[in-house]
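# Structure at a glance
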Amino acid sequence: MSDHLDLPDYREQSPEVAARFASIRQRPVKLEVCGLEKRFHSPEGERVVLQDISFKAHRREFISIIGPSGCGKSTLIRILAGLETISGGDVLLEGNAVKGPSRERGMVFQGYTLFPWLTVKKNVMFGLEVSGRSGPAVESEAMDWINLVGLARYANAYPSELSGGMKQRVAIARSLANQPQILFMDEPFGALDAQTRAQMQAYLLQIWKNVDVTILFVTHDLDEAIYLSDRILVLKANPGEIQEFIEVPVPRPRDPEQFISPTFLATKNRLEHLIHPRQPGQEQARLPITKMTAAGDEVE
Amino acid sequence: MKRASRSSDTVSWFAIRKPLPGERRLLLTVLSFVLPLALWCLVSYVPFIWHPDIKLTVAADREGVTTVYTAGDHVARSYFDEYANAVRRENEAVQAGEGTTRSGFSARRNNVKILRAVAPLAIEQGWISENQVTDNAAIFDVWEGLATGRLVSEKPELTPENLAIVQEDWQTLQAHWAEDPEHEMPSDPLLKLIPQGRLSNPVYLPEPHAVLLTGWKDWNAEPAEGRPSLPERYRHSLYIVFSGFFLAALAGVPIGILSGTYDFFSKLFEPFIDFFRYMPAPAFSTLLVAIFLAHDAPKIALVFVGTFFQLVLVVANTTRQLDYSLLEAAQTLGAKRLDLLRRVILPGITPSLYNDLRILLGWAWTWLVIAELIGVKSGLTEVIETQGRWRNFESVFPVIILIGLTGFFTDQLLANLRPLLFPWTPEAIGQKQGPLVRFYRWVTDQQVYVRDDKPTTSDPA
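Everything numeric here is computed off the predicted structure, so don't read it as measured data.

### Re the interface of chain B and chain A
With 31 residues of chain B at the contact, the number on the chain A side is 33 residues. Note on chain B versus chain A: buried area summed over both sides is about 2,900 Å², and carbon and sulfur give 60% of it. The largest share of the area that chain B buries against chain A comes from Thr332(B), Leu333(B) and Trp424(B), three residues that together contribute 24% of it. If you look at where chain B meets chain A, you find two salt bridges. Ionic pairing is found between Glu129(A) and Arg343(B), a salt bridge with its closest N-O pair at 3.6 Å. Linking chain B with chain A are three residue pairs in polar contact (both at pLDDT 80 or more). Those elements that place two or more of their residues in the side of chain B that touches chain A are helix H12 (324-332), helix H13 (337-373) and helix H16 (426-430) of chain B. Counting residues per element, the side of chain B that touches chain A draws most heavily on H12(B), at seven residues. Of the residues belonging to the side of chain B that touches chain A, the class tally is 14 nonpolar, ten polar and seven charged.

### Observations regarding the pairing of strand E3 (residues 62-66) of chain A
Residue and element names in this part refer to chain A. When you tally the buried positions in E3, you get five out of five residues, the bulk of the element. The side-chain alternation of E3 yields two buried faces, one formed by Phe62, Ser64 and Ile66 and the other by Ile63 and Ile65. Sheet topology note: the E3/strand E8 (residues 214-218) ladder contains four bridges and is parallel. Opposite isoleucine 63, over in E8, you have leucine 216 as the bridge partner.

### Observations concerning the sheet that holds strand E3 (residues 196-200) of chain B
All names here are of chain B. As summarised here, the arrangement of the three strands in space is E2-E1-E3, forming an open sheet in which the pairing is antiparallel. Edge positions in the sheet fall to strand E2 (74-76) and E3, since each has one partner strand and no second. Strand-to-strand twist in this sheet, taken as the mean axis angle between neighbours without regard to direction, amounts to 40 degrees. The sheet contact formed by strand E1 (residues 53-58) and E3 spans five bridges and is antiparallel. Residue pairing across strands places lysine 55 opposite arginine 198, the latter belonging to E3. Helix H2 (residues 77-95) contacts E1, E2 and E3 of the sheet and is inclined by roughly 100 degrees relative to E2.

### Here's the deal with the domain arrangement of chain B
Along its sequence, chain B is carved into domain 1 (19-51), domain 2 (55-200) and domain 3 (230-448). Using only C-alpha atoms to locate each centre, domain 1 of chain B and domain 2 of chain B end up separated by 43 Å.

### Considering the side chain of Glu244(A)
All names here are of chain A. Within the fold, glutamate 244 resides in strand E10 (residues 241-247). A relative accessible area of 17% means that glutamate 244 is categorised as buried. Among the polar contacts made by the side chain of glutamate 244, one reaches the side chain of tyrosine 10 at a distance of 2.3 Å. A distance of 2.6 Å separates polar atoms of two side chains, one belonging to glutamate 244 and the other to arginine 270. Residue contacts for glutamate 244: discarding those within four places in its chain leaves Tyr10, Ile232, Leu233, Val234, Arg270 and Leu274.

### Digging into the pairing of strand E9 (residues 231-236) of chain A
Residues and elements named next belong to chain A. In terms of burial, E9 is a largely internal element, five of the six residues being buried. Sheet analysis places E3 next to E9, joined by four bridges and oriented parallel. When the bridges of E9 are listed, isoleucine 65 appears paired with leucine 233. Linking E9 to E10, which pair antiparallel, is a turn of four residues; within it asparagine 238 sits at a positive phi near 50 degrees.

### Some points on the nonpolar core
Among the nonpolar cores identified, the biggest contains 63 residues, and Phe115(A), Phe126(A), Ile257(B) and Val344(B) are the most heavily contacted of them. Sorting the residues of this core by element identifies helix H3 (120-130) of chain A together with helix H8 (230-261), helix H9 (263-276), helix H11 (297-321), H12, H13, helix H14 (379-389) and helix H15 (393-421) of chain B as the ones contributing at least two each. The dominant element in this core, judged by the number of residues it contributes, is H13(B), at 14 residues. Each residue touching Ile257(B), except ones within four places of it in the same chain, is listed here: Val315(B), Thr319(B), Leu341(B), Ile345(B), Leu346(B), Ile349(B) and Leu353(B).

### Examining the pattern of salt bridges
Oppositely charged side chains are able to pair whenever their charged atoms sit close together. Throughout the structure, instances matching the rule amount to 34 salt bridges over all chains. Measuring nitrogen to oxygen at the nearest pair gives 2.5 Å for the salt bridge that ties Lys192(B) to Glu90(B). Of this pair, Lys192(B) sits in the loop between helix H6 (160-179) and E3 while Glu90(B) sits in helix H2, placing them 102 residues apart in sequence. The exposure class assigned to Lys192(B) is buried, which follows from its relative accessible area of 8%. Through salt bridges with shared partners, one network takes in Glu129(A), Asp339(B), Arg342(B) and Arg343(B).

### Quick notes on the sheet that holds strand E6 (residues 105-108) of chain A
All names here are of chain A. Taken in spatial order, the six strands make up an open sheet running E6-E7-E8-E3-E9-E10, and their pairing is mixed. Each edge of the sheet is formed by a strand with only one pairing partner; in this case those strands are E6 and E10. Each strand of the sheet is rotated relative to its neighbour by a mean of 20 degrees, with strand direction disregarded. Pairing of E6 with strand E7 (residues 182-186), which is carried by four bridges, proceeds in the parallel orientation. Each bridged residue has a counterpart across the sheet, and for arginine 105 the counterpart in E7 is isoleucine 182.

### Topic: the domain arrangement of chain A
All names here are of chain A. Assigned domains of chain A: these are domain 1 (1-103 + 182-191 + 212-278) and domain 2 (105-179). Using C-alpha coordinates to define each centre, domain 1 is positioned 27 Å away from domain 2. If you look at the interface, domain 1 gives 24 residues, while domain 2 gives 15 residues. For the pair domain 1 and domain 2, the interface holds zero salt bridges. Taken together, domain 1 and domain 2 are joined by twelve residue pairs in polar contact (both at pLDDT 80 or more). Elements represented by at least two residues in the side of domain 1 that touches domain 2 include exactly helix H2 (73-81) and E7.

### Topic: helix H7 (residues 208-220) of chain B
All names here are of chain B. Look at H7: 18 Å from first C-alpha to last across 13 residues, which is about the 18 Å you get at 1.5 Å a residue. Here H7 has its buried residues at Pro208, Ala210, Val211, Thr214 and Gly215. Relative to the axis of H7, the buried residues are bounded by an arc of 155 degrees and lie together on one face. In H7, those exposed residues whose orientation departs by more than 90 degrees from the buried face are Leu212, Leu213, Trp216 and Lys217. Its buried side turned inward, H7 meets helix H1 (22-45) and H15.

### Comments concerning the packing of H11(B) against H13(B)
Two measures define how a pair of helices packs: the angle their axes make with one another and the distance between the axes. All names here are of chain B. Following both chains from N to C, one finds H11 and H13 inclined at 155 degrees, their axes separated by 8 Å at the closest point. Judged by the inter-axis angle, H11 sits roughly antiparallel to H13. Seen along the crossing, H11 lies across H13 with a hand that is right-handed. In terms of residue class, the contact of H11 with H13 is built from 15 nonpolar, six polar and three charged.

### Here we look at the packing of aromatic side chains
Enumeration according to the criterion identifies 30 aromatic pairs over all chains in this entry. For the ring pair Trp117(A) and Trp424(B), a centre distance of 6.1 Å and an interplane angle of 65 degrees mean the geometry is edge-to-face. Linking Trp117(A) in the loop between E6 and H3 with Trp424(B) in the loop between H15 and H16, this pair reaches from one chain into another. For Trp424(B), a relative accessible area of 10% gives the class buried. Every member of this aromatic cluster is reached through a ring pair, and the members are Phe272(B), Phe275(B), Phe276(B), Phe284(B), Phe304(B), Phe308(B) and Phe309(B). A cation sits over an aromatic face here: Arg174(A) above Phe115(A), 4.8 Å from the ring centre. Arg24(B) extends its terminal NZ or CZ atom over the ring of Trp13(B), reaching a point 4.3 Å from the ring centre.

Parameters at a glance
Residues numbered from 1 in each chain as written. Chains lettered and ligands numbered in written order. Predicted model: local features only at pLDDT ≥ 70, side-chain atom pairs only at ≥ 80, totals over all residues. Heavy atoms only, no water. Contact = heavy atoms within 4.5 Å. Buried area = accessible area lost by both parts, 1.4 Å probe. Salt bridge = Lys/Arg side-chain N within 4 Å of Asp/Glu carboxyl O. Polar contact = N/O pair within 3.5 Å; in protein donor to acceptor, adjacent residues only side chain to side chain. Helix = DSSP H or I, 4+ residues; strand = E, 2+ residues; numbered from the N terminus. Nonpolar A, V, L, I, M, F, W, Y, C, P; charged D, E, K, R; others polar. Buried < 20%, exposed > 50% of the residue type's maximum accessible area, 1.4 Å probe, protein only. Pairing = 2+ DSSP bridges. Axes fitted to C-alpha atoms, helices over the stretch in contact; angles between N-to-C directions. Domains from an automatic or database assignment. Core = buried A, V, L, I, M, F, W, Y, C linked by side-chain atoms within 4.5 Å. Expected span 1.5 Å × (residues − 1). Arc of directions from axis to C-beta. Parallel < 35°, antiparallel > 145°, perpendicular 65-115°, else oblique. Left-handed = near helix turned anticlockwise from the far one by under 90°. Phe/Tyr/Trp six-rings, centres within 6.5 Å; stacked < 30°, edge-to-face > 60°. Lys NZ or Arg CZ within 6 Å of the ring centre and 35° of its normal.

Below, the structure written as C-alpha cells:
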C-alpha cells in the first residue's frame, strides 16, 4: 500500500453506495453512545482508557471497530455488552440506558466460550432455557439456528469434538437464538487460521443477510473490517478516542474479489495511515547483523 | 550421507515427552509393581545379600542372664556365636561337676526346662501338637526318639553337637530312672542344647511367602470369642473412612463452592479454615473423645476434621479456576445470579470437583490409622497395633497392604468411571472407549449409535 498508486479518495461514494448510506441513516437508531468515558484505577493513579466516545448504530448496520493495540476497543465493546462498568457518559439501547449484561445484547468472544458440558444443540438452547422456555418448540427453534450456521450434523456433538471455526459458528448461533437487538463480536475470528477466517467472514455476511440484527465487530484485521462493514470506527490510543468514523465505499454484496478493487484499496490505505502513521526514517531501519543483510541480498 | 534406515514406528524408550507404544507402557506398568516385589524376594531369599540376623530354631536359657530367647526369636549374627559359646561353657562346667547352684525342686524344674527346649522343633516336625509343650511324657518320647535315631529332624536339622547332647542327656536320664521307678527328674543338671538357627532378615522384614500365608490364615481365622474377625474389622475400617469422608464432602463441597463463587463467603470462611487446617487433626483426638465419647463417633469425627478443612479450600480453588469468560458468555445470554450458579458453575466444575474428591478420599485414608487408635482401638489398626507390639510383622504387613490395595483400587475405579460420568471432557473424547463405556453410552444415549455419520474434527465446509 503506497501513496504513489493512483487511488480514488476513500470518501468518494458511487451513487448506489451513497443511496445505501442514506437509507441506513433513515433506519431507527438501535444503539446510541454519548460521551462515554472509562477510567481504570491503578496504584500509579487514574488511567483514562476511553474518552468522549459518541456514535450511533442503526438497525441492521454492520460496524467494525479498529485501532492500534491498547486503544481500548475490546474495553469499549465489553462496556457496551455490559461486562464492564462505565465511568461517564451514557449507553442507550433503543433509547433506554443499559445496565449490566442482558439477552438483548449478544456477545461472541474470541475464545469461543461454549459450555463444554453441553452438546451443540444444548448450547444453542441455553439462552432460551434461561429465559424460562422449554419443550420441543425450543429444541426445534435451536435446530433452526444450527441449520443456519450449517452444523445440523453436529447437533449432538460436544464442543471438544469441533474445530475452531465450527465452535465459533455454534457461538454465533447461540447468541442469535436469543434474537438480540445487537450482536457484539470481540475479535471472533482472531484465533482462527487464515483460510478458516475467510470462510467465517463469508458465513457471517450470509447469516447477517438472513437475520435482523445490528453487529458491532472488533477486529485488528483491516481487510476483515472493510470486507464486512458498513462503517468503521477508528480509535486512537492513549487516551482511546474516536479518530474517524469511515463509511466504507465498497458496494454490497461483498465478494472476496473486491479486496483488490480501487475503493477497497483506498479505504485500506486510509486506515493504515490512521492506525500506523508513517514516521520519517522508519523505512531505513536495518538490522545490524551482517549475516542477515547478506541473506537478504541473495533473495532480492 | 545416507541415514541409517529405521522403521518409522520404532520410538526410542527415552524419547522426551513422547508417549510410548501401548505394549511398552503395559510392560513398564507391570514392571513398576514387579520390580519392588522382586527386590523384596531377592533380599528375602538370597542369603548373602543381607540377612544380618539369626532366627533361632533351638534356644537355650543361660544362667544369671535375664534376657530370655525362645525359638523364633531373632539375634544379631555377631551376637549369636557369643550366645552359643556361653551355653557351651555352661555345659562344660556341668560336665566338670561345677556350677550346680541349684538343688532339689529348683534343679529338677530347671532340667524340665532344658528338656522342653526341643518342643518348638518337635512341633515344627509334627511330632507333638502345640498343647503338648508341657506334656512331659510327650517330651520324653521326643528325646527318646532323637537319642535312638527313631526320630530324625529335617529342616532344621539338629547339629551333630546337639545330637550328641541329646544322647548324653538321654543316657543320664536312663541311668537315673533305673534307680527311680517314679521317673522323677534328676537333681544333677542336664546338658543344655546349644542354640541353633538359620540366617534371616530382621524381624521387621518378613519373607513374601510368610506375609502371604499369614495374611490368608489371618483373614480366614476364627476370631476369639466376642472379637471381630479380620473381614469384619476391614468393613469397620471402610465404614470409618467413608463416613468421615462423606460427611466432610457433604459439608465441605457446598461451602467450598460458595467460597469460590462469592467473595463474601470466601472472606467469611476461608481465613479461619486456612488457619484451622494447620492444627493437626490428631491433636484433637482426646477432645473428640470427650465430645463424642467412645465407639465410632470420635473416629469418624477425626477423619472429618482431617479432611473437611482441606476439602473446603481445594473446592473453593477449583471453583475459582472455572473459566470466567463462560460466566460472561452466560450473562450475555441472559443468565442471572442463580442461573449462573446452577447452569454454569456447578456443571462446569464437576469434573474437577470429582478429581478433587478422589484425591481427598486418599487424605481420608491417611487419617484412618490415627482415628482407629483414639478411644477404644478398633478395626484394622488394632491388628497392626497388637501384632506389631508382639513383633508379628508377617501379620502386620498383610493389613497394611490391604489398606493400600483398597485405596489404590478405589482410586483406579473412580478414575475409570470419569469418562463415563463426564463424556464431554476432552480426555473422555480422545480416549479409546472400552466395552463398559460403550455399553453405558448405549444405555444412556442411543442416538450415538442411531446417527449414521459420526462427527469428526474436520470441518466439512
